[in-house]
Each structure stands twice: as C-alpha cells, then as structure tokens.
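Residue-level listing of the chains:
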Amino acid sequence: MSSLAAARADNFYYPPEWDPSQGSLNTFHGQHALRERAKKIDQGILIIRFEMPYNIWCEGCESMIAKGVRFNAEKKQVGNYYSTKIWSFSMKSACCQHEIVIQTDPKNCEYVITKGARKKVEEYDAEDAETLALPEAEEKGKLVDPFYRLEHQEEDLKKKKEAEPVLVRLQRVSDAKHGDDYSTNKALRARLRGQKKRVVEEENAARKKGLAIRLLPSSKEDAAAASRVKFATKFNENRKLKRALISTSSIFTGPNGSSTNDSRRLELERKRRRIQAATASNLLTGGFKPSSWSGSNSASVKRRC
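Looking up the protein in an unreviewed UniProt entry gives the name Coiled-coil domain-containing protein 130, with the organism given as Saponaria officinalis. Taken from UniProt, the Sequence similarities (unreviewed entry) comment for the protein reads in full: "Belongs to the CWC16 family."

Structure follows, in structure tokens:
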C-alpha cells in the first residue's frame, strides 16, 4: 500500500479542496466517524458485533445457536437499573432471519432473552453422571464462617471414617490391576493372537464351503432354531390332486368293480410322472436331445395309449 492510500485508510488524508473552517474530515465528507455502524445513530441505535452468551433455541426454525456465535446486532438503551443502563441487542437469526432480542440484567448479572428464542436448559443429575456437585455460592459463603465449620466438623469426620475403608479397598484393587503392566499386556496380546487365529480358521472353513463370508461357530440355540424350520413339500399338492380326481370320477363302476374314468386318469397321471422323471434325469446327465426324445417318447406314449 502506498503512503497516500495508507493516509486515506487512516483518515489522515486532507484533499486540496478541504479548508479548516469546514470542520473535520467526517463533516467535510458528510459521514459519521463509525460509518455504516452509525446509520441509525439518530434513533439511538448503534450496530455492534454481539456474541451469544449461551446456547439458545431459535423459535423461528427450532435450530440451536451455539454459545459464541457472533451477530451484527442493533444496540440501544431500553431502561436503567439505578445508575446502570439496560441495553437491548436485536439481531437476525442466520438460519431463518427470525428476530431475536436479548437484554442485559444488571440485577442478576446475566443476559435475558425477551423475544424470538429460548435458553437451552442443560441440567443433569450429579448421581446419574457419577460426578460431584460443586457447592453453591451460599454454601461457599458458609464455609468461610468459622462457627459453621466447627458445627459440621464432627459430621465431616464421621463421613471420612465411613468412606475410608472403601477408598482403601479401591486403591488396593487399582494397584493390583495396574501393578504389573508387562503381565497384563502379555495376557492381552495372547488373547488377541488366539482370536485372530480363530478368525482365520473360520474364514478358511467358509471358503472351502464356497462362501464369501465368515461363518460364526454353531450353538445349541442355532440348532434348535433350525430344527423348528419346516420347508414346503408336495404333500398338500398331491392331496389336492387326489381329491380332485376322486371328485371328478364317475360313481358307476365297470365290469371289473372299479371306475373306468378313475383308472384312466390314474394311468395318465402315472405316465405324466414317468415322463417328468425321465426329463429330469436327462437334464442331470446332460444327454437331453429334444428332437430324438420327443419323437421316441411320443411314439411310445401313442403305443401305450
């Protein structure tokens, strides 16, 4: 940057047409010293960078705005607490352009949301989290009082005696567990080697069976579940076929004491099953020839019929 540009950036450059009687450079240029931040200064509003004091929920889109996110906020005075001014900060949410208004609370030394959002409550139970609850401000003040400490000294000593055996036992268990690091590491590495060896054996066994995934070892529960599985068979189909043949057969018997139509249907059914069995065997053996098979078998069927 040249010296002239640096002087202009620092607002130290006075153009030739400027005269001291015209006042300051801001007056000469017709602008405020804070530029765009003071565009509403006549209304008592100043644009500042406001940092979110805690996590909040936006009521416009129910999105969380984290602590420390910065906004261009309009700052203005809305009241007084004794001689302390109460400031209001109005800003637009970046997610949905919803207006959020936060005010200072000098009485409680905190920020209060007045519009457009709500504070995210982050409370927890110390017992569930297995942590110790820190004493509140009132209790801290009581600890400074010597009479308060003297009154609770006996109770504190009693609690210490009750908790001392438990603490000693926990310390002994911790020392026994972490006393020999080499043995612990050796046992862990041996267990990992056995586990890796078992995984390799299972993968090889699955690969021999033509599977691309590793099979877990079988258990009694798996065997019991497999025994309860029932696959569909042709029993129901055969039963329906026989009942259909019986229902369609004639009630009048022939000279030999059986139904002619019934025997005819049974004979045709046996031939159909024989042909299906021959077809399946030819497909399995690979000697299936459509032209020769169809001619020979059709002729045999005609001779038998």
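Caption draft 1: Spatial organisation of the nonpolar core. Ranked by size, the top nonpolar core spans 15 residues in total, and within it M52, I56, I65, M91, I100 and I102 carry the most contacts. Elements represented by at least two residues in this core include exactly β1 (46-51), β2 (56-58), β4 (70-81), β5 (84-92) and β6 (99-105). Ignoring anything within four residues of it in the chain, the contact list for I100 reads I56, I65, F89, S90, M91, S93, K115, G116 and A117.

Caption draft 2: Up close: helix α6 (residues 181-208). Its 28 residues place the ends of α6 41 Å apart at the C-alpha level, agreeing with the 40 Å of an ideal helix rising 1.5 Å per residue. Once α6 ends, the next one or two residues include G210, with phi positive near 85°.

Caption draft 3: Focus on the sheet that holds β6. The antiparallel open sheet is built from five strands, whose spatial order is β1-β4-β5-β6-β7. Two strands in the sheet have a free side with no partner beyond their single neighbour: β1 and β7 (110-115). Each adjacent strand pair in this sheet contributes to an overall mean axis angle of 40°, direction not counted. Looking at chain direction, β4 and β5 are connected through seven bridges and run antiparallel. Residue pairing across strands places N80 opposite K85, the latter belonging to β5.

Caption draft 4: Structural detail: the sheet that holds β2. Strand order in this open sheet of three strands is β3-β2-β8, and the pairing throughout is antiparallel. Of all strands in the sheet, those with a lone pairing partner are β3 (64-65) and β8 (117-119), marking the two edges. Where β2 meets β8, three bridges bridge the pair, whose relative direction is antiparallel. Within β8, the position partnered with C58 by the bridge is A117.

Caption draft 5: Main features of the pattern of salt bridges. The full count for this structure, using the stated rule, is six salt bridges. Taking the shortest distance from any N to any O, the salt bridge between E62 and R118 comes out at 2.9 Å. With E62 in the loop between β2 and β3 and R118 in strand β8, this pair connects stretches of sequence that are 56 residues apart. Taking relative accessible area as the criterion, E62 reaches 44% and is therefore assigned partly exposed.

Caption draft 6: Structural detail: a negative patch on the surface. On the surface, a cluster of negative charge is contributed by D125, E127, D128 and E130. Structurally, E127 can be placed in the loop between β8 and α3 (137-144). With relative accessibility at 68%, the residue E127 sits in the exposed group.

Caption draft 7: Representation of the pairing of β4 in the model. With six bridges joining them, β1 and β4 adopt antiparallel strand pairing. By the bridge assignment for β4, F50 is matched with F71. Remark: two residues form the turn of the hairpin made by β4 and β5, two consecutive strands paired antiparallel; Y82 in that turn has positive phi of roughly 60°.

Caption draft 8: Main features of the packing of aromatic side chains. Taken as a whole, this structure holds four aromatic pairs when the rule is applied. Between F50 and Y111 the ring centres are 5.8 Å apart and the planes differ by 80°, which places this aromatic pair in the edge-to-face class. Of the two residues, F50 is situated in strand β1 and Y111 in strand β7; the sequence distance between them amounts to 61 residues. Taking the relative accessible area as the measure of exposure, Y111 reaches 34% and is therefore partly exposed.

Caption draft 9: The side chain of T104, seen in detail. Relative to the helices and strands, T104 is located in strand β6. Within polar-contact distance, the side chain of T104 engages the backbone nitrogen of W87 at 3.0 Å. The residues touching T104, leaving out its near neighbours within four places in the chain, are K85, I86, W87, F89, E110 and Y111.

Caption draft 10: Summary view of a nonpolar patch on the surface. Taken together, the side chains of V166, L167 and L170 define a hydrophobic patch exposed on the protein surface, amounting to about 290 Å² of accessible area. What makes V166 partly exposed here is its relative accessible area of 39%.

Caption draft 11: Structural detail: the confidence of the model for the protein. Averaged over every residue, the pLDDT of the protein is 79; the share at 70 or more is 80%. Confidence drops under pLDDT 50 across residues 288-305; counting only partners more than four residues distant or on other chains, this segment forms eleven contacts.

Calculation notes
- Residues numbered from 1 in each chain as written.
- Predicted model: local features only at pLDDT ≥ 70, side-chain atom pairs only at ≥ 80, totals over all residues.
- Heavy atoms only, no water.
- UniProt positions renumbered as here; feature names shortened; annotations may be inferred.
- Core = buried A, V, L, I, M, F, W, Y, C linked by side-chain atoms within 4.5 Å.
- Buried < 20%, exposed > 50% of the residue type's maximum accessible area, 1.4 Å probe, protein only.
- Helix = DSSP H or I, 4+ residues; strand = E, 2+ residues; numbered from the N terminus.
- Contact = heavy atoms within 4.5 Å.
- Expected span 1.5 Å × (residues − 1).
- Pairing = 2+ DSSP bridges.
- Axes fitted to C-alpha atoms, helices over the stretch in contact; angles between N-to-C directions.
- Salt bridge = Lys/Arg side-chain N within 4 Å of Asp/Glu carboxyl O.
- Patch = residues over 30% accessible without salt bridge, like charges linked within 9 Å, V, L, I, M, F, W, Y side chains within 5 Å.
- Areas by Shrake-Rupley, 256 points an atom, 1.4 Å probe, with all protein chains shown as cover.
- Lys, Arg positive; Asp, Glu negative; His and termini not counted.
- Charge placed at Lys NZ, Arg CZ, Asp CG, Glu CD.
- Phe/Tyr/Trp six-rings, centres within 6.5 Å; stacked < 30°, edge-to-face > 60°.
- Polar contact = N/O pair within 3.5 Å; in protein donor to acceptor, adjacent residues only side chain to side chain.
- pLDDT = per-residue confidence, 0-100.

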